[in-house]
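Chains, contacts and geometry: an overview
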Amino acid sequence: MTELNINLQATVDFLVELLKIPSPTGYHIEAIEYVRKAFEALAIPGLDLKITTKGALLATLKGQANDARRGVTAHVDTLGLMVREVKSNGRLKTNPLGGIVWPTVEMEGVTVRTADNKRIRGTILTGNPSSHVNRNIFTAERTADNMEIRLDAKTKDADETRALGIEVGDFIFVDPRVEVSDTGFIRSRFLDDKAAVAAIYGALLALKDAGLQPAQDTAFLIANYEEVGHGGSSGWPFELAELLAIDMGAIGESQNSDEFSVSICVKDGGGPYHFDMTNKLRRLSQAHGIPYKTDIYIFYASDGTAYWRAGGDAKVGLIGPGVDASHSYERTHQDSVLHTTHLLARYLLES
Ligand SMILES: [Zn+2]
């Protein structure tokens, strides 16, 4: 059996830096550039890097064969907010980017990015948030309509806020609050799907360290529009025979996934993934002693399905690290990142 060494430390280090870079859907430039530079620094012979017209990063690696070319995708875009209204009290009403769960962002720090790229800090709060003033605060519904951004700037009306350079349509970055514990847990917003981007980085590094080429020409698409449903639907440089999407495994009641294995998603809201791919992924996990969990995600879709819906004809599969409290303050364990990275590397090498 081929020896493979996964450099977990380098993979987690890459992940932590990526988590700190804001990348709500529609504002991908900084994160894509970070990933591009990191892939470039791997100095892998034959790895071709380009940015697609839509702004995704496309990394193409020559394989030992090209008769059944493959795609691998993970997304760098995350949830976020946009300024919807500059309110008469100087605060901001927001509109969500992706499926924000409002109670989970209450009291979170944010950065508003103005059109001329100034950054202004603030906090997401419910309107009239002081419990000494408003007794309804305990039970008030948390929604886009009654939550607002309190800016850390001296402003009391809409004119003063606009004078800061803030306008409708500006991006608002929600703080990720990244923390890595000495017990191996990684706690942060937006592990979906930056943990999977890290797995691609780690798998490329493992192949490079072992001096190995993938079995087939393989295109890696670091997508930038998954959270709104069309990330992996375009940008592929060639016809794909197989597509492996890497996205988080959802953990919760009735779920099989956990933070210590790689999740193999057999079916999600878009229907079952391809039988051959699911079987291959399960077989590879067993052959290489990789802890895995098969699972079904009912309220979930991936860029694999986006690709299919756009007319793609490849066999599509989906794996990923188990992420607790998805689209909230998420958590995974480095074990899950390790096993996802390992399974991806084995998939790349498998003819
Ligand atoms: Zn995702």
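Right, let's walk through the structure included here.

Conventions we followed
Residues numbered from 1 in each chain as written. Predicted model: local features only at pLDDT ≥ 70, side-chain atom pairs only at ≥ 80, totals over all residues. Heavy atoms only, no water. Axes fitted to C-alpha atoms, helices over the stretch in contact; angles between N-to-C directions. Helix = DSSP H or I, 4+ residues; strand = E, 2+ residues; numbered from the N terminus. Parallel < 35°, antiparallel > 145°, perpendicular 65-115°, else oblique. Left-handed = near helix turned anticlockwise from the far one by under 90°. Contact = heavy atoms within 4.5 Å. Nonpolar A, V, L, I, M, F, W, Y, C, P; charged D, E, K, R; others polar. Pairing = 2+ DSSP bridges. Donors = N, O, S within 2.8 Å, 3.2 Å for Na, K, Ca; no water. Tetrahedral: all angles 85-135°; square planar, octahedral: opposite > 155°, others 65-115°. Buried < 20%, exposed > 50% of the residue type's maximum accessible area, 1.4 Å probe, protein only. Phe/Tyr/Trp six-rings, centres within 6.5 Å; stacked < 30°, edge-to-face > 60°. Core = buried A, V, L, I, M, F, W, Y, C linked by side-chain atoms within 4.5 Å. Patch = residues over 30% accessible without salt bridge, like charges linked within 9 Å, V, L, I, M, F, W, Y side chains within 5 Å. Areas by Shrake-Rupley, 256 points an atom, 1.4 Å probe, with all protein chains shown as cover. Salt bridge = Lys/Arg side-chain N within 4 Å of Asp/Glu carboxyl O.

So, on to the packing of helix H2 (residues 29–41) against helix H4 (residues 191–210). Where H2 meets H4, the axes come as close as 10 Å, and the angle between the chain directions of the two elements is 10°. Judged by the angle between their axes, H2 and H4 are roughly parallel. Handedness of the crossing formed by H2 with H4: right-handed. In contact with Val 35, Ala 38 and Phe 39 of H2, H4 contributes Val 197, Ile 200, Tyr 201 and Leu 204. Residues of the contact of H2 with H4, tallied by class, amount to seven nonpolar, no polar and no charged.

On the basis of which strands lie adjacent, the open sheet formed by three strands has the order E10-E11-E19 and antiparallel pairing. Each edge of the open sheet carries a strand with a single partner, namely strand E10 (179–180) and strand E19 (330–333). Note that E10 and strand E11 (residues 185–188) share two bridges and pair antiparallel. Opposite Glu 179, over in E11, you have Arg 187 as the bridge partner. Packing against the sheet, helix H7 (residues 334–349) makes contact with E11 and E19, and its axis sits at approximately 65° to E19.

Further remarks concern the coordination of the zinc ion. Surrounding the zinc ion are the protein donor atoms His 75 (NE2), Asp 192 (OD), Asp 247 (OD) and Asp 247 (OD), which sit 1.9 to 2.6 Å from the metal. Angles of 52 to 141° at the metal separate the four donor atoms of the zinc ion, which places the site in the irregular class. Of note, the donors binding the zinc ion are all from one chain and are spaced H-x116-D-x54-D. Of this pair, His 75 sits in strand E3 (residues 65–75) while Asp 192 sits in helix H4, placing them 117 residues apart in sequence. Side by side, His 75 and Asp 192 carry an identical accessibility label, which is buried.

Under the counting rule described, the total for this entry stands at eight aromatic pairs. The interplanar angle of 5° and the centroid separation of 4.3 Å between the aromatic rings of Phe 14 and Tyr 201 together place this pair among those described as stacked. Of this pair, Phe 14 sits in helix H1 (residues 8–19) while Tyr 201 sits in helix H4; the two residues are 187 residues apart in sequence, bridging distant segments of the chain. Of the two residues examined, Phe 14 and Tyr 201, each falls in the buried class.

If you trace the backbone, Thr 73 turns up in strand E3. Residues in contact with Thr 73, not counting those within four places in the same chain, are Ile 200, Leu 221, Ala 223, Trp 236, Leu 243, Leu 244, Ala 245, Ile 246 and Asp 303.

Another aspect to go through is the nonpolar core. The biggest cluster of nonpolar side chains holds 74 residues, and the ones touching the most others in it are Phe 39 and Ile 200. By residue number, the principal contributor to this core is H4, which donates twelve residues. The next biggest cluster of nonpolar side chains, apart from the first, holds 21 residues, and it includes Trp 102, Val 105, Val 112 and Ile 172.

To continue, consider a nonpolar patch on the surface. Taken together, the side chains of Ile 296, Ile 298 and Phe 299 define a hydrophobic patch exposed on the protein surface, amounting to about 400 Å² of accessible area. Locating Phe 299 in the fold gives a position in the loop between strand E17 (292–297) and helix H6 (303–309). Residue Phe 299 is classed as exposed on the basis of its relative accessible area, which comes to 84%.

Another aspect to go through is the pattern of salt bridges. One pass over the structure, following the stated rule, counts 23 salt bridges. Measuring nitrogen to oxygen at the nearest pair gives 3.3 Å for the salt bridge that ties Arg 69 to Asp 217. Of this pair, Arg 69 sits in strand E3 while Asp 217 sits in strand E12 (residues 216–223), and the two are 148 residues apart along the sequence. Taking the relative accessible area as the measure of exposure, Asp 217 reaches 5% and is therefore buried. In this structure, Glu 108 and Arg 177 form a salt bridge, with 2.8 Å as the shortest nitrogen-oxygen distance. Here Arg 177 lies in the loop between strand E9 (171–174) and E10 and Glu 108 lies in the loop between strand E5 (92–97) and strand E6 (109–113), a separation of 69 residues in the sequence. Judged by relative accessible area, Arg 177 falls into the partly exposed class, the value being 42%. A network of salt bridges, in which partner residues are shared, links Glu 33, Arg 36, Lys 37 and Glu 40.

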